[in-house]
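So you can see what is in the structure, the chains are spelled out below.
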Amino acid sequence: MLEKQMGSNFFRKILQNIISRAQGASPVRTLSTKEFRHFANKVGNLERPFLKEFFPRWVGTCGCPVLRMGFSYNKRKNIVELAVLRDCTVKPDSRTPVLSSNTDSENRDGDIGWPGMMSIRVHELDGMYDHPILPMAGDAWQLLEIQCHSKLAARRALKPKKGSKPDGCDDNGDAVAGLDMRSSMESPLSWIRADPEMEYLAEIHFNQPVQMWINQLEKDGDVVAQAQAIAALEALPHLSFNVVNTLNNFLSDSKAFWRVRIEAAYALANTASEETDWAGLLHLVKFYKSRRFDENIGLPRPNDFRDFSEYFVLEAIPHAVAMVRAADNKSPREAVEFVLQLLKYNDNNGNPYSDVFWLAALVQSVGELEFGQQSILFLSSLLKRIDRLLQFDRLMPSYNGILTISCIRTLTQIALKLSGFISLDQVVKLIKPFRDFNTIWQVRVEASRALLDLEFHCNGIDSALSLFIKSVEEEPSLRGQVKLGIHAMRICQIKGGSDSNHEVDTVTLVALLNLLESRIAFNNVFLRHHLFGILQILAGRAPTLYGVPRDKLLLLGDGETSEQKNVFASFVTEMRRAEPPMDVPNLSQDNLAVRDASKEVDCVANGHAENILAVPEAQRMQMSFPTVMNGKWQFQKPQRKQKLFPTVMKGSCRLLRLGLNNLLQLVEQTRLIIEPLKNLKVGIMKMTVAPVVLFLSMHPKGIQQRQ
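For clarity, every value in this text was computed on a predicted model and none was experimentally measured.

Asker: It is not clear to me how the overall build of the protein chain should be interpreted in this structure. Could you clarify?
Answerer: The helix and strand tally for the protein chain stands at 29 helices and 13 strands. Across the protein chain, the fraction of contacts at a sequence separation of at least 24, relative to all contacts at a separation of at least 6, is 68%.

Structure follows, in structure tokens:
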């Protein structure tokens, strides 16, 4: 963006100054935002008003623009009327400045938008024209007029053919495609693109007719434009045969970039359905057979991987075929037979390249299949092929065990999908030997992840976390520990979104905390991060430290309640508190007793009035009360075991922090666990006027505050 504003020559001078400063006699190898801004002002010859807007918007705050665009063609004026709605990825009130507070008064909170002008590229019949007319600041709703350079020649009104419909399409055509084609013929526009050079970090949603997306896919040579057209055509609610044929033609074009061709193959798989007579599936199978099958015998020819781009495209076809789903969310019989045929008749004779990655991709496509009643008969044959590949990879190990990893992953997926037909214990016995220390770490980690998935499916989250802790302690490689931590965090996220009744036991939580404080986590910072993320997820919080308020406590009746049971509740209750000596007089509970009431009472804390709730009698008998020991306030151990840990309200917590040193130490030690407990069902400790007044009267700091 800066390079566009100042020009490539000035931007190159800025980079040369930065490099020369780092290579000088007294090298300066650091570059701050303020210094770079100074270079942009002096060397880049940018005006100061532009820099005042650029750095606070793009560097000092978070969020990027979201643009939703649509257009209409005015035939009488020969102009394009472009409607734009600008939004932001984050709300205005949630934008927090990242730069220091001394950014002067340049960041005006009332101003909305970003500096600069976005280009609109219009492809017409006579050529391509760029129009830098879209301001990124100003009103959120904008209506722009773009003058067209091409004009439509006068043409006669065509008479409808016999057997054609009034909408312009015949019986064998599509009505939507006919209307869209007719509307595109009435304007000189081929297609329109917003920000074609990708100069802005923006999310753009552009709406144009289907025929214009087809023109963009067929005629635009930019791979980004082709990928955008494929995504737009794939997301259409009603698919026509014209769209399917366009995707198939692009897939067959060997001059197109192979990654975009793969996207077209996946789009064809998503468009395949009974409504289109499985046209996408038929096109995929036909394309593969035209490249790899022998026409005389109808079987795959020996592998030939000399054309790399064609290799990658053909490697993605079985995976795309496996993604096709019928109305019952099962794979069609034709898709299962096609993948099984490729796996059965694979032949690498005469190929100068290894086929382990090719076989790994085929095995992973088997794991993507959904077996129905008609295709369950092929399951035994597929499992035999996978077992044969496992034995083959043991005799002749592949690169980094890629073939064994694919087989383990596919076996786990099939076992989880068809647990009623396959014994999970047999699958566990088959995978366990791969956790041996003699195997390479990639295979060992994949086997551990597969066992975690099976354990979670059979016995729940508590058993899976126990197995995770054991696997991490036994895993010698640091990268393997990190991968196991990532997988365990994903399992916890799946558990949080499900309706499972399995909860995490206190022993497992203590083991997680011990692992977090162990030498294993101390030597592996990434593992420590993921362990903290697991604890955050179990507590109902996001697995991150960013944006977590330190003093945000949930007030009873004021905050949002969560139905998810807090797994830390039973753990926090068993934390021991210091016992006072027997000769120290305790405060009688009878003196602190108050009537059971549900109305709010006022309490003065640090000169501010706050509302707290009266404590019921049954709950008050389970609380711990402060006692005096050696001039310090401590908690008395309750007579009976507490079943729930009462948290402290904001106002009461401010009072207790004046003198309760034990409570402060306890809060500091368990802050990372106590703060996430938003959904604790017990509520917040309720204190009344009587214990507060008694506390203020006995504590010296409280007496000073009252005076």
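After that view of the structure, there is still more to cover.
Asker: It is not clear to me how the sheet that holds strand S7 (residues 203-207) should be interpreted in this structure. Could you clarify?
Answerer: Taken together, the 4 strands give an open sheet; going across it, the order is S5-S2-S1-S7, and neighbouring strands pair in mixed fashion. Single-partner strands in this sheet number two, and they are strand S5 (141-147) and S7. Adjacent strand axes in the sheet meet at a mean angle of 20°, parallel and antiparallel pairs treated alike. When strand S1 (residues 65-74) meets S7, the two strands line up parallel, connected through 5 bridges. In the strand pairing of S7, Val66 is matched with Glu203.

Asker: Even after reading the chapter, I still don't get the side chain of Glu310, so can you show me in this structure?
Answerer: By secondary structure assignment, the location of Glu310 is in helix H11 (residues 308-322). Exposure remark for Glu310: the relative accessible area of 13% places this residue in the buried category. Here Glu310 is in contact with Arg261, Phe287 and Arg291, once residues within four sequence places are set aside.

Asker: What should I look at first to understand the sheet that holds strand S4 (residues 128-137) in this one?
Answerer: Hydrogen bonds between backbone groups are what pair the strands of a sheet, and the pairing can be parallel or antiparallel. Taken in spatial order, the 3 strands make up an open sheet running S4-S3-S6, and their pairing is antiparallel. Where the open sheet ends on each side, the last strands, each with one partner, are S4 and strand S6 (189-194). For this sheet the average axis-to-axis angle between neighbouring strands, irrespective of direction, equals 20°. In this sheet, S6 lies alongside strand S3 (residues 113-124) in antiparallel orientation, the contact comprising 5 bridges. Its bridge partner being in S6, Glu124 is matched across the sheet by Leu189.

Asker: Help me understand helix H12 (residues 333-344) in this model?
Answerer: An ideal rise of 1.5 Å per residue puts 16 Å on 12 residues; H12 measures up with 16 Å between its terminal C-alpha atoms. Within H12, burial applies to Ala335, Val336, Phe338, Val339, Leu340, Leu342 and Leu343. Each element contacted by the buried residues of H12 is listed here: helix H10 (279-292), H11, helix H13 (356-367) and helix H14 (379-395).

Asker: Which parts of the structure should I look at to understand the pattern of salt bridges?
Answerer: Side-chain pairs of opposite charge can arise where the charged atoms are in close proximity. Counting across every chain of the model gives 14 salt bridges. With a shortest N-O distance of 3.3 Å, Arg21 and Glu35 are connected by a salt bridge. In this pair, Arg21 is assigned in helix H2 (residues 8-22) and Glu35 in helix H3 (residues 33-42), connecting sequence segments 14 residues apart. With a shortest N-O distance of 2.8 Å, Asp130 and Arg121 are connected by a salt bridge. A relative accessible area of 41% places Asp130 in the partly exposed class.

Asker: Hey, could you run me through a nonpolar patch on the surface in this one?
Answerer: Nonpolar side chains collect at one region of the surface, where Phe308, Phe312 and Tyr353 lie side by side and expose about 290 Å² of accessible area between them. In this fold, Phe312 is placed in helix H11. Take Phe312: its relative accessible area is 32%, and that puts it in the partly exposed class.

Asker: Explain the packing of aromatic side chains here, please?
Answerer: Geometrically, a pair of aromatic rings is defined through the distance of the ring centres and the angle of the planes. Under the defined criterion, the tally for this structure stands at 15 aromatic pairs. Here Trp58 and Tyr200 contribute two aromatic rings whose centre-to-centre distance is 6.3 Å and whose plane-to-plane angle is 40°, an arrangement assigned as tilted. Note that Trp58 is positioned in helix H4 (residues 48-58) and Tyr200 in the loop between S6 and S7, a separation of 142 residues in sequence. What makes Trp58 buried here is its relative accessible area of 15%.

Asker: Honestly, the side chain of His131 in this entry has me stumped. Any pointers?
Answerer: As for its position among the elements, His131 is in strand S4. In this structure His131 comes out as buried when scored by relative accessible area, which is 12%. When neighbours within four sequence positions are excluded, His131 is seen to be in contact with Met118, Ser119, Ile120, Val122, Ile146, Gln147 and His149.

Asker: It is not clear to me how empty space enclosed by the protein should be interpreted in this structure. Could you clarify?
Answerer: It is the rolling of a water-molecule-sized probe over the atoms that shows where space remains empty. For the coordinates displayed, the defined rule picks out 5 cavities of 30 Å³ or more. The volume enclosed by the second largest cavity comes to roughly 60 Å³. If you go around the second largest cavity, the residues you meet are Tyr288, Arg292, Pro300, Arg301, Asn303, Leu342, Tyr345, Asn346, Asp347, Trp358 and Leu362. For the lining of the second largest cavity, the secondary-structure elements that each account for two or more residues are H10 and H13. Classifying every residue of the lining of the second largest cavity by side-chain character gives 6 nonpolar, 2 polar and 3 charged.

Asker: Is there a simple way to explain the packing of helix H9 (residues 258-271) against H10 in this structure?
Answerer: Each pair of packed helices gets described by two things: the angle between the helix axes and the distance between those axes. Direction vectors running N to C along H9 and H10 enclose 140°, while the axes themselves pass 7 Å from each other. By the criterion of interaxial angle, the relationship of H9 to H10 is oblique. Along its contact with H9, which presents Arg261, Ala265, Leu268, Ala269 and Thr271, the element H10 presents Gly280, His283, Leu284 and Phe287. Its residues placed into classes, the contact of H9 with H10 shows 5 nonpolar, 3 polar and 1 charged.

Asker: Any chance you could explain the packing of H2 against H3 here in plain terms?
Answerer: Packing of H2 against H3 brings their axes to within 10 Å, and their N-to-C directions diverge by 130°. By the angle between their directions, the pair H2 and H3 is classed as oblique. Regarding H2 and H3, the two cross each other, and that crossing is right-handed. Along its contact with H2, which presents Ile14, Asn17, Ile18 and Arg21, the element H3 presents Glu35, Phe36, Phe39 and Ala40. The class makeup of the residues in the contact of H2 with H3 is 5 nonpolar, 1 polar and 2 charged.

Asker: What is the right way to read the environment of Trp258 from this model?
Answerer: Relative to the helices and strands, Trp258 resides in helix H9. Taking the C-alpha atoms as reference, Trp258 lies 9.9 Å from Leu314; in sequence the two are 56 residues apart. The contacts of Trp258, once residues within four sequence positions are left out, are Ser309, Phe312 and Val313.

Asker: Sorry if this is basic, but what is going on with H13 here?
Answerer: Residues that lie three or four places apart on an α-helix share one face, since the helix turns once every 3.6 residues. Compared with an ideal rise of 1.5 Å per residue, which puts 12 residues at 16 Å, H13 spans 17 Å between its outermost C-alpha atoms and is within 8% of the ideal. Within H13, 10 of the 12 residues are buried, which leaves the element mostly enclosed by the surrounding structure. Turning to H13, its buried residues number three or more, namely Val356, Trp358, Leu359, Ala360, Ala361, Leu362, Val363, Ser365, Val366 and Gly367. Next to the buried residues of H13 lie H10, H11, H12, H14 and helix H15 (402-417).

What counts, and at which threshold
Numbering of residues starts from 1 in every chain and runs along the sequence as written. For this predicted model, a pLDDT threshold of at least 70 governs which residues receive local features, and a threshold of 80 or more governs which side-chain atom pairs are given and counted, while totals over whole chains, interfaces and linings are taken from all residues. Calculated side-chain values reflect all of the structure's heavy atoms, with hydrogen atoms and water omitted. For the purposes of this entry, the term helix denotes a DSSP run of H or I that reaches at least four residues, the term strand denotes a run of E that reaches at least two, and both are numbered from the N terminus. In what follows, residue pairs with any heavy atoms lying within 4.5 Å of each other are defined as contacts. Strands are treated as partners if at least two bridges between them are detected by DSSP. Angular values range over 0 to 180 degrees, each being the angle between N-to-C directions of two axes fitted as lines to C-alpha atoms, with helices fitted over their stretch in contact. Residue exposure (1.4 Å probe, protein chains only): buried if accessible area is under 20% of the type maximum, exposed if over 50%, otherwise partly exposed. The span expected for a helix works out to 1.5 Å for each residue beyond the first. Any Lys or Arg side-chain nitrogen found within 4 Å of a carboxyl oxygen on Asp or Glu counts as a salt bridge. Only residues whose relative accessible area exceeds 30% and that form no salt bridge are eligible for patches; like-charged ones are grouped when within 9 Å, while nonpolar side chains (Val, Leu, Ile, Met, Phe, Trp, Tyr) are grouped when within 5 Å. Method for areas: the Shrake-Rupley scheme with a 1.4 Å probe, in which residue coverage is limited to the protein chains shown. Planes of paired rings set the category: under 30 degrees apart is stacked, over 60 is edge-to-face and the rest tilted, where pairs are Phe, Tyr or Trp rings (Trp by its six-membered ring) whose centres lie within 6.5 Å. In this analysis a 1.4 Å probe is tested at points of a 1 Å grid over the protein atoms alone, and where it fits but cannot get out there is a cavity; an open set with protein on both sides within 12 Å along at least five of seven lines is a pocket; lining residues have an atom within 4 Å of a point. Grid points are joined across faces, edges and corners, and a volume is the space filled by probe spheres set on the points. Throughout this entry, Asp, Glu, Lys and Arg are counted as charged residues, while Ala, Val, Leu, Ile, Met, Phe, Trp, Tyr, Cys and Pro are counted as nonpolar. The remaining residues, Gly among them, count as polar. Reported orientations rely on four angle classes, namely roughly parallel under 35 degrees, roughly antiparallel over 145, roughly perpendicular from 65 to 115, and oblique for the rest. Here a crossing is called left-handed whenever its near helix is offset anticlockwise from the far helix by less than a right angle, and right-handed whenever the offset is clockwise.

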